[in-house]
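Results of the structural survey
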Number of protein chains: 2
Amino acid sequence: MSDRREFRDLAEPSEAHAAIASLELEPATESVPLEEADGRVLAERIDADLDVPGFDRASMDGYAVRARDTFGADEADPVELERIGAVHAGAKPDVTVEAGTCAEISTGAVMPPGADAVVMVERTDEVEPGDEGELASDDDSRIAIRTSVAPGDNVMVAGADVAAGQRALGPGTGLTSREIGLLSALGRETVPVRGRPRVGIVSTGDELVRPGDELDSDRGQIYDVNSTTIAAAVREAGGEPVLYPHAGDDYEEMERLLVRAADECDLVCSSGSTSASAVDVIYRVIEERGELLLHGVAVKPGKPMLIGRIDRSPDADRAGESAYVGLPGYPVSALTIFRTFVAPAIREAAGRPEPRTATIGGEMAVRERYGEGRLRLMPVGVLERPGTDDPPLVYPVDKGSGATTSLVEADGVVAVDPDTEYLDAGERVEVQLFSPEVRPPTLLGVGEDDPALNRLLDRLDRPRYLPVGSREGLRRLRGGLPDLAVTAGPVDRDVESIDLGGWTREWGLVVPTGNPADVSGLADLVDRDLRFLNRDRNSGLRASLDAALDGMAAERGVERRELADSIDGFEWTVRAFESPPRRVKAGDADAGIGLRSTAEKLDLGFVSLGDQNVRVRANPDRTESEGVAEVREALAGIGAILEDLPGFESA
Amino acid sequence: MSDRREFRDLAEPSEAHAAIASLELEPATESVPLEEADGRVLAERIDADLDVPGFDRASMDGYAVRARDTFGADEADPVELERIGAVHAGAKPDVTVEAGTCAEISTGAVMPPGADAVVMVERTDEVEPGDEGELASDDDSRIAIRTSVAPGDNVMVAGADVAAGQRALGPGTGLTSREIGLLSALGRETVPVRGRPRVGIVSTGDELVRPGDELDSDRGQIYDVNSTTIAAAVREAGGEPVLYPHAGDDYEEMERLLVRAADECDLVCSSGSTSASAVDVIYRVIEERGELLLHGVAVKPGKPMLIGRIDRSPDADRAGESAYVGLPGYPVSALTIFRTFVAPAIREAAGRPEPRTATIGGEMAVRERYGEGRLRLMPVGVLERPGTDDPPLVYPVDKGSGATTSLVEADGVVAVDPDTEYLDAGERVEVQLFSPEVRPPTLLGVGEDDPALNRLLDRLDRPRYLPVGSREGLRRLRGGLPDLAVTAGPVDRDVESIDLGGWTREWGLVVPTGNPADVSGLADLVDRDLRFLNRDRNSGLRASLDAALDGMAAERGVERRELADSIDGFEWTVRAFESPPRRVKAGDADAGIGLRSTAEKLDLGFVSLGDQNVRVRANPDRTESEGVAEVREALAGIGAILEDLPGFESA
């Protein structure tokens, strides 16, 4: 392996921030139509170039008058004025108000010449023609004014709202509905806004396939996670992502792609492959086609981060160079490094402040030791406690950074200083959420995986459920963090909990369609040469299987271990309740442990070994939580949830 | 006027919420490409339909081995295995690991048949051919393994991340970058998301003109503010706005337009005109072409709100009816009612929770009386106090709801209960921001309007400056709310303040280009028959003019009043520092009070009457605030700000 990848001198995180800040990401100002300006940032100050309103405007329905004609008028002693016409909104006045006259006027209409005030209609009366024995046409009636008004009363003079030349909005203003409203009043058709930095995303690695394309697992292909994740994160930070087709680990192809991305973008991010050779190739391209500013940062994760510049090609539309950042390959690491180092630079270039929701305060739920001598960006889960004054609980999530599920099992990261030795339970921490839109859950459940439970979870507001199995679920419930644990089958651990309800499910052996090997029960697995597929020890299905083997061992007068050893595949365990049946369907095994419902769903055969109890057990400290209350409510409707699930009964 | 508009029985706000909740707004589920799914809401649960990874995957660079071959190996006593080939990421293994052999493997590669663990490269050595006197080709070397591994070590088994059949994401999940990442891992090309409710916006009123079109002020035309404001607010709530062309006040046209909008949308909002006849026409259309559920709500503003349904036409693409809400005509009222009653219904239909940033806590800065017996949605400004533990200050804004500037001078509303008599200064209140993206200012300035000040404000982060004039500015500063006041000219009020700096500006009479009336000074206004245009008493320009008249009055031995009375237009005042010169330019006056810089900008003539001092005065209680610190910094660079402003000097 190349020396270059050794990163012996790791840069400080502050140096990485400085290196990125030194890059020029800022795009040109754009002019956008007003109706597309919402959410953008004003590039320059907007001064009014007209008066609003542009004319002296009646602000009441009533009569336009010369104020001095009304002086002295009151309820007891009205003044009568001759009505000489009417002015409506949107029309040019065709009358002039002279002494002793008035004109009917609608709200929003132009004040007719001569008039300097409006008397609201409620303080006037039409004088009945009979009153004075006169005959008056509609356009030639007399109006009794029962109040006096001062010049300017009920009139909004031209420019009173905004006057031409006034500063209306400053540069850097984030445009929301209300600023759009003011710009409309000023008649703006287009608005100068900060450009969105274009961020090219190049993902590398021969094994990566775009979502939607066919996957060849035999060749070790996996779907490309980083490109779409980073693209979405770029958009959230106010940038415009551009995805480039996959680059393999070939120098020529990588060079061509990176330079093309540099030609077209303000910033190029590469990410994706964990393979050494791809990183090596990128390193060489940056050194030869640009400048490497920094390689390796003293932060966990993210040590292999690269920061540099790529020269644009001579025939590119724009000259100069593009910024470049190389992100780690694991999804959580890539998103963490992006959020910490790259997103702030994109926001800065786009003129957008960090949203107030980007961080959230919380309290460590457990003690967490540390002491690696470099900054740690620790992925954490957050559990909100609505309806209480308690801050959210924060707990470390460490599934290994390669797991994409960490992306949704963690909500953000806590930055732990190099010299922090531990975070104590109860300590206040600040969580940098993966996205300002992340809403941490209000319920944390752990335990068995189960199809009825999946449906029940669908009815809750924002649950997080970790299918760690019944045994591990109980262990965690005892640890005090989760709100509830779901167990299936016999339980070998006594954990204090409140039973919220549950159901039973029929379990057994799932066999190929038509049961070609004629499996009739457990004894066939023990006594015949059949390939079996099991679940691990945390699973409630496994607990019931072990109990059944205990029974058979007692009958036969042998140890359970002996029976287990004679089952081919007893230790061949897979992850989830559908996994053994799916492998059976794929022809990998003659029988797998599973549920009747799964067998029917997958059109497989099923040999029942019994029913097992599934119980939802609440943490005794959380029985009053909003999340647990929602679970209780959902359990009350369990009948409907189980309705078309074969082998399920409420219990 | 029609009885219908009297709204004698106002509905309670809760009835209005219930009426809107009874309407069916929910659009059909959509399927969108993964790259457009960010920010949308999942319409249904997503289960994994494949294992991630889809194969047993090396999670380290190193050697794939049979674990039992390594048992007992350590640094002191390595085990040697025959290297039989290599497996790279993205390639199908072409070797089988048998007892005594190993295969080089890269992170992410498929485990070759026979191997069940990986030894990381750091714990291995290639055995030098010379060591044992053997000659080995590259593909036939021997590897010393310096550690023992257990089955499964450094291998991520198929489905370990997500197993097929597992619940991946629940319905109602808001999709952010991290969920996009998980969906990518599952290979999803499209995602089922909640539809966005289509909201048709119909604005009414003959006087309204779309921004960008020509405005005829003589006819009383104004730009349509509500359509674009509400369209942006619809988008912010997760809906999709559709703007319909203006409807006049004609029944036929209004009916055609409302029914067309109903045919195409889930909800129709009308707003815009304050004219009685338009409201009347809408009322009739809803009654005749649908159903009116509610008219008039006991809330200030918003009494004239309408809620109902409009039947779709028989030839519409979809059957049934559209919801209908009629909003008040004034922009702040329309936005307030939309935010309070309509936005929650749109969010509900779109499956989006109210953003955490939609409300903000604060503390009343002043005592505010109330007691009108109906719910008041009081427009308020918010002043943040960053760097302190103090909550934001909240103060009522009441410019009259017709003013579009209230849209940006207020940040949101405080709901004041009908039975609240007053809110005390210091009382905690919750502000419903006009938009979740509203960022309240961190500096509140008041006082004189000035072109240099406008430039200075451009250099601050989030200032709010109310150009109320020098005199009113000082009055408000004494009231204690603003951070600073800016005054120009002589000041007649002694207000405790800290002088932060300032400049001088040359003021005088702005006259038409070439000074056709040959104006040479104030005496011409007094002694000749010239039409003049003034500023109001709050303006510092007016204060300097009054002082100059005082001087002339003393010289002539008369009262200032006498001189003022002989100036035609002395009481004809307009709003902003550019207003008198602009009217002069339009030919409305022979001279106007103004600045040399304005005269030069507008290519007008200028007769100097002197220089006046502009001072920036800080509230003594706020000299440590972040906003004031920014102002100090900006004032330090005042030289550059004044550089090309004629008649301005630093002082």
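Going by an unreviewed UniProt entry, chain A carries the name Molybdopterin biosynthesis protein and comes from Halopenitus salinus.

What follows deals with the overall build of chain A. A count of helices and strands for chain A gives 17 helices and 37 strands. Here the C-alpha radius of gyration of chain A, 37 Å, is well above what a compact globule of 651 residues would show, namely 26 Å. Taking the principal axes of the C-alpha coordinates as reference, chain A spans close to 125 × 70 × 50 Å. Within chain A, the proportion of its 651 residues that are buried is 57%. When contacts within chain A are restricted to residue pairs at least 6 apart in sequence, those whose partners lie at least 24 apart make up 72%. For chain A, the accessible area works out to roughly 25,900 Å², and carbon and sulfur atoms hold 42% of it. Counting 71 positive and 123 negative side-chain charges, chain A places the centres of these two groups 7 Å from one another.

Next up on the list: the pattern of salt bridges. Applying the stated criterion to the full structure yields 95 salt bridges over all chains. Across the salt bridge formed by Arg45 of chain A and Asp458 of chain B, the nearest N and O atoms sit 3.0 Å from each other. Of this pair, Arg45 of chain A sits in the loop between strand 1 (30-33) and strand 2 (46-47) while Asp458 of chain B sits in helix 8 (residues 451-458), on two different chains. Here Asp458 of chain B falls in the partly exposed class, since its relative accessible area comes to 21%. A salt bridge links Asp461 of chain A to Arg462 of chain A; the shortest N-O distance between them is 4.0 Å. Since its relative accessible area comes to 49%, Asp461 of chain A is described here as partly exposed. You can call Arg462 of chain A partly exposed: its relative accessible area is 22%.

All chains considered together, the criterion is met by 0 aromatic pairs over all chains. Note that Arg531 of chain A overlies the ring of Trp572 of chain A, its terminal NZ or CZ placed 4.0 Å from the centroid. Over the ring of Tyr422 of chain B we find Arg367 of chain B, and its NZ or CZ is 3.8 Å from the ring centre.

With an axial shift of 0.0 Å and an RMSD of 0.2 Å, the rotation relating chain B to chain A amounts to 180°. Interpreted geometrically, this transformation is the action of a two-fold axis. In terms of proximity to the rotation axis, the leading residue of chain B is Thr357 of chain B, whose C-alpha is 3.5 Å off the axis. In this assembly the copies share their binding face: 100% of the residues contributing to the interface of chain B also contribute to that of chain A.

Let us look at the sheet that holds strand 5 (residues 79-87) of chain B. Residue and element names in this part refer to chain B. Across the sheet, 6 strands lie side by side as 7-4-6-5-9-8; this open sheet has mixed pairing. If you trace the sheet from one side to the other, it starts and ends with strand 7 (117-120) and strand 8 (124-126), each paired once. Averaged over all pairs of adjacent strands, the angle between their axes in this sheet comes to 40°, without regard to strand direction. In the sheet, strand 8 pairs with strand 9 (residues 142-145) via 3 bridges, with the strands oriented antiparallel. Residue pairing in the sheet places Thr124 in a bridge with Ile145 of strand 9.

Our next topic: helix 12 (residues 540-556) of chain A. Residue and element names in this part refer to chain A. The terminal C-alpha atoms of helix 12, which comprises 17 residues, lie 24 Å apart, in line with the 24 Å expected from a rise of 1.5 Å per residue. Along helix 12, the residues that are buried comprise Gly540, Leu541, Arg542, Ser544, Leu545, Asp546, Leu549, Met552 and Ala553. The backbone nitrogen of Leu541 lies 3.0 Å from a side-chain oxygen of the residue at the head of helix 12, namely Ser539.

Let us now look at the confidence of the model for chain A. Of all residues in chain A, 95% attain a pLDDT of 70 or more, and the chain-wide mean is 91. Confidence over residues 1-7 of chain A falls short of pLDDT 50; this stretch has 15 contacts with residues more than four positions distant or in other chains.

Moving on, we get to the packing of helix 4 (residues 226-236) of chain A against helix 7 (residues 331-350) of chain A. Residues and elements named next belong to chain A. One way to put it is that helix 4 packs onto helix 7 with a least axis distance of 10 Å and a crossing angle of 30°. Accordingly, the angle class assigned to the pair helix 4 and helix 7 is roughly parallel. Of the two possible hands of crossing, helix 4 and helix 7 adopt the one that is right-handed. Side by side, helix 4 and helix 7 meet where Asn226, Thr229, Ile230, Ala233 and Val234 of the first sit next to Pro331, Ala334, Leu335, Phe338 and Ile346 of the second. Taken together, the residues of the contact of helix 4 with helix 7 break down into 8 nonpolar, 2 polar and no charged.

On to the side chain of Thr147 of chain B, then. Residues and elements named next belong to chain B. Structurally, the position occupied by Thr147 is in the loop between strand 9 and strand 10 (155-156). Judged by its relative accessible area of 16%, Thr147 is buried. With near-sequence residues (within four places) excluded, Thr147 lies in contact with Thr70, Ala73, Asp74, Val119 and Arg123.

This part covers the interface of chain B and chain A. Many descriptions give the size of an interface as the accessible area lost when the pieces come together. Tallying the contact residues gives 108 residues for chain B and 108 residues for chain A. The junction of chain B with chain A conceals about 8,400 Å² of combined surface from both sides, 52% of it contributed by carbon and sulfur atoms. Summed over the three residues of chain B that lose the most area to chain A, namely Arg178, Arg356 and Arg439 of chain B, the buried surface amounts to 10% of that side. The salt bridge involving Arg178 of chain B is made with Asp411 of chain A; its shortest N-O contact spans 3.2 Å. Here chain B is connected to chain A by 38 residue pairs in polar contact (both at pLDDT 80 or more). Put simply, the parts of the chain that give the side of chain B that touches chain A at least two residues each are strand 11 (167-169), helix 2 (177-185), strand 15 (222-223), helix 3 (226-236), helix 7 (406-409), helix 8 and helix 13 (579-585) of chain B.

Moving on, we get to the packing of helix 1 (residues 13-21) of chain B against helix 6 (residues 331-350) of chain B. All names here are of chain B. Contact geometry of helix 1 with helix 6 gives a least axis separation of 10 Å together with a crossing angle of 30°. Relative to helix 6, helix 1 is oriented roughly parallel. Two packed elements cross with a definite hand, and for helix 1 against helix 6 that hand is right-handed. Contacts between helix 1 and helix 6 involve Pro13, Ala16, His17 and Ile20 on the former and, on the latter, Thr340, Phe341, Val342 and Ala345.

If you trace the backbone, Glu578 of chain A turns up in the loop between strand 34 (573-574) and helix 14 (579-585). A polar contact is formed between the side chain of Glu578 of chain A and the side chain of Arg582 of chain A, at a distance of 2.9 Å. Separated by 2.5 Å, the side chains of Glu578 of chain A and Lys601 of chain A make a polar contact. Filtering out sequence-adjacent residues up to four positions away, Glu578 of chain A remains in contact with Thr598 and Lys601 of chain A together with Ala164 and Gly165 of chain B.

The next subject is the sheet that holds strand 20 (residues 306-311) of chain B. Residue and element names in this part refer to chain B. Ordered by their spatial adjacency, 6 strands build an open sheet running 16-13-17-21-20-18, and the pairing between neighbours is mixed. Each edge of the open sheet carries a strand with a single partner, namely strand 16 (240-247) and strand 18 (290-295). On average, adjacent strands in this sheet sit at an angle of 20° to one another, irrespective of strand direction. In this structure, strand 17 (residues 267-271) lies alongside strand 21 (residues 321-326), joined through 4 bridges in parallel fashion. Bridging from a neighbouring strand, Ser270 pairs with Gly326 of strand 21.

So, on to the nonpolar core. Among the nonpolar cores identified, the biggest contains 91 residues, and Leu267, Leu327, Phe338, Phe341, Val342 and Val414 of chain A together with Leu175 of chain B are the most heavily contacted of them. By residue number, the principal contributor to this core is helix 7 of chain A, which donates 11 residues. With 90 residues, the next largest nonpolar core counts Leu327, Ile346, Leu375 and Leu444 of chain B among its residues.

About the cut-offs
Residues numbered from 1 in each chain as written. Chains lettered and ligands numbered in written order. Predicted model: local features only at pLDDT ≥ 70, side-chain atom pairs only at ≥ 80, totals over all residues. Heavy atoms only, no water. Helix = DSSP H or I, 4+ residues; strand = E, 2+ residues; numbered from the N terminus. Rg over C-alpha atoms; globule rule 2.2 N^0.38 Å. Buried < 20%, exposed > 50% of the residue type's maximum accessible area, 1.4 Å probe, protein only. Contact = heavy atoms within 4.5 Å. Areas by Shrake-Rupley, 256 points an atom, 1.4 Å probe, with all protein chains shown as cover. Lys, Arg positive; Asp, Glu negative; His and termini not counted. Charge placed at Lys NZ, Arg CZ, Asp CG, Glu CD. Salt bridge = Lys/Arg side-chain N within 4 Å of Asp/Glu carboxyl O. Phe/Tyr/Trp six-rings, centres within 6.5 Å; stacked < 30°, edge-to-face > 60°. Lys NZ or Arg CZ within 6 Å of the ring centre and 35° of its normal. Least-squares fit on C-alpha atoms with pLDDT ≥ 70 in both. Pairing = 2+ DSSP bridges. Axes fitted to C-alpha atoms, helices over the stretch in contact; angles between N-to-C directions. Expected span 1.5 Å × (residues − 1). Polar contact = N/O pair within 3.5 Å; in protein donor to acceptor, adjacent residues only side chain to side chain. pLDDT = per-residue confidence, 0-100. Parallel < 35°, antiparallel > 145°, perpendicular 65-115°, else oblique. Left-handed = near helix turned anticlockwise from the far one by under 90°. Nonpolar A, V, L, I, M, F, W, Y, C, P; charged D, E, K, R; others polar. Buried area = accessible area lost by both parts, 1.4 Å probe. Core = buried A, V, L, I, M, F, W, Y, C linked by side-chain atoms within 4.5 Å.

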